[in-house]
Amino acid sequence: MAEFSRESLQQLDAAHHLHPFTDSGALHQKGARVMERGEGAYLWDLDGHRLLDGMAGLWCVNLGYGRQELIAAANAQLQQLPYYNLFFQTTHPPAAKLAATLAEILPGDLKHLFFTGSGSECNDTVVRMVRHFWAEQGRPERTVIISRHNAYHGSTLAGASLGGMKPMHRQGGLPLPDIVHIDQPYHFGEGQGVDPHAFGLERAQQLEQKILELGPERVAAFIGEPVQGAGGVIIPPDSYWPEIQRICKKYDILLVADEVICGFGRTGHWFASEHFGIVPDLLCMAKGITSGYIPLGAVAVSGRVANTLIAGGEFFHGFTYSGHPVACAVAQANIAVMQKEHIVERVHEDIGPYLQQRWASLGDHPLVGETRGLGLVAALELVADKTSLTRFPEEAGAGLVCREHSLDSGLIMRAVGDTMIISPPLIITREQVDELIEKARCALDLTLTTLSNRQGKHHD
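For clarity, every value in this text was computed on a predicted model and none was experimentally measured. (Residues numbered from 1 in each chain as written. Predicted model: local features only at pLDDT ≥ 70, side-chain atom pairs only at ≥ 80, totals over all residues. Heavy atoms only, no water.)

Any details on the nonpolar core? Residues and values, ideally.
Core analysis: the biggest nonpolar cluster contains 69 residues, and Leu-102, Leu-106, Phe-264, Met-285 and Trp-359 have the highest contact counts within it. Looking at this core element by element, the count peaks at nine residues for helix 14 (residues 325-340). Those residues in contact with Leu-102, other than ones at most four positions away along the chain, are Leu-113, Phe-115, Phe-264, Met-285, Ile-289 and Ile-335. Core analysis: the second largest hydrophobic core is formed by 39 residues, Val-61, Tyr-240, Ala-272 and Leu-407 among them. (Core = buried A, V, L, I, M, F, W, Y, C linked by side-chain atoms within 4.5 Å. Buried < 20%, exposed > 50% of the residue type's maximum accessible area, 1.4 Å probe, protein only. Helix = DSSP H or I, 4+ residues; strand = E, 2+ residues; numbered from the N terminus. Contact = heavy atoms within 4.5 Å.)

In structure tokens, the structure reads:
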């Protein structure tokens, strides 16, 4: 990188690169942050600033940066068989072995795997599979899939439609037909003053109301993230998922768990479905499957659905990079390291509880209305008034102010509106958790000062 200065890279980037989920005009004025290297739980930008990566990349770098086992697995597979497809009645060792490994660690009877390149592709696959399943069952009218407002299921046409993000729907004429949404189980944001148990039941029972409104004979599936990630780390009340499961069984609706964020140890289980007692018919995974080192996704399919698909002849669906051999080899190595180092158990018994205990200590800050979390994922809510839990006006941009102060303090913490969220690498140490909390508190203090000063000037 020595031949390029930060400024020259920023100029090249602005001239030719369209970023995902970015206001390009604002970015060009500011200049992109140029990340140069990573090691463990840390990143360094081109100016030499060290950042504790509180988001594990984009919820994915579970084993941290620079894991030689994963790099070696990729290198060895690149030399042996860098690519071959899974079309035309062909397989290769990495795909066959990984499918068997995943079948061992997945809950329930999710013993069949369909490989994709990403979580978005997983959710496109789900739409195709679910509708094809019902057609093969002689029920082609069962096409409607129910999701939730503020859910995130990817950026493709089907993924963005399944998601409930209004800004995404406004761009591109979404959602696609026969994808509908019910309210999310967001107690802090939408259930103040209501008992959490009762709130969870009410939100879950909207599924039954929607099924009856549409006609049970038309509904194919319900899809949900066990914990809504991009929506703001929304952890549903304990009453929520058992009621969703009951309703799906009552109306014979397929249940799809989107574990793209929650899978591979994030919540202290291999999959969050185990924590919540969800028994899905299909389960989507990506991100942590390779610790983000190489793109890979997979849809796990229950026996009932898989057997129907197998009996139905050719399934006209797939991708050039389905089960890419290098990605599968890295995933295999990733799972092997997680098992050898007891990563999931450590998140469940040690580092997860420690993070949650330390994160909860931020609840005494004047800006914090709530802290919440599970395993190694957590959120806090920024409020203007702790007693009434009144939010800041949208134009204050409290979350963005806090995010920038966090970066300046050496911590990558994400803002979802005025909800601050973290999802650090699973290999984070207790000392690094302490560092994370210290830097988060510093960011909160700076945010309070900035917002107070602005308010003072406004009154002047």
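On we go.
I'd like to hear about a nonpolar patch on the surface, residue by residue, with values.
Among the surface-exposed residues, Tyr-83, Tyr-84, Phe-87, Phe-88 and Tyr-321 lie close enough to one another that they form a single nonpolar patch of about 560 Å² accessible area. Mapped onto the secondary structure, Phe-87 falls in the loop between helix 4 (68-80) and helix 5 (93-105). For Phe-87, a relative accessible area of 36% corresponds to the partly exposed category. (Patch = residues over 30% accessible without salt bridge, like charges linked within 9 Å, V, L, I, M, F, W, Y side chains within 5 Å. Areas by Shrake-Rupley, 256 points an atom, 1.4 Å probe, with all protein chains shown as cover. Salt bridge = Lys/Arg side-chain N within 4 Å of Asp/Glu carboxyl O.)

Please provide a residue-by-residue account of helix 10 (residues 196-214), values included.
Because each turn of an α-helix spans 3.6 residues, side chains separated by three or four positions end up pointing in the same direction. The end-to-end C-alpha distance of helix 10 is 28 Å, a good match for the 27 Å that 19 residues give at a rise of 1.5 Å each. For helix 10, the set of buried residues is Phe-199, Gly-200, Arg-203, Ala-204, Gln-206, Leu-207, Glu-208, Lys-210, Ile-211 and Leu-214. Of the residues that open helix 10, the one with a side-chain oxygen 3.2 Å from the backbone nitrogen of His-197 is Asp-195. (Expected span 1.5 Å × (residues − 1). Polar contact = N/O pair within 3.5 Å; in protein donor to acceptor, adjacent residues only side chain to side chain.)

Residue-level account of the pattern of salt bridges, with values.
Applying the stated criterion across every chain, the model contains 24 salt bridges. The partner of Asp-47 in a salt bridge is Arg-6, and the shortest N-O contact between them spans 2.8 Å. Taken together, the residues span a long stretch of sequence, with Asp-47 in the loop between strand 2 (42-45) and strand 3 (50-53) and Arg-6 in helix 1 (residues 6-16) at a distance of 41 residues. Assessed through its relative accessible area of 27%, Arg-6 is described here as partly exposed. In this structure, the salt-bridge partner of Asp-178 is Arg-218, at a minimum N-O distance of 3.0 Å.

Describe the environment of Gly-318, listing the residues and the values that go with them.
Positionally, Gly-318 belongs in the loop between helix 13 (303-311) and helix 14. Of the residues examined, Gly-318 reaches a relative accessible area of 29% and is grouped as partly exposed. A sequence separation of 202 residues divides Gly-318 from Thr-116, and the C-alpha atoms of the two residues are 7.6 Å apart. Setting aside chain neighbours within four positions, we find Gly-318 in contact with Phe-87 and Phe-114.

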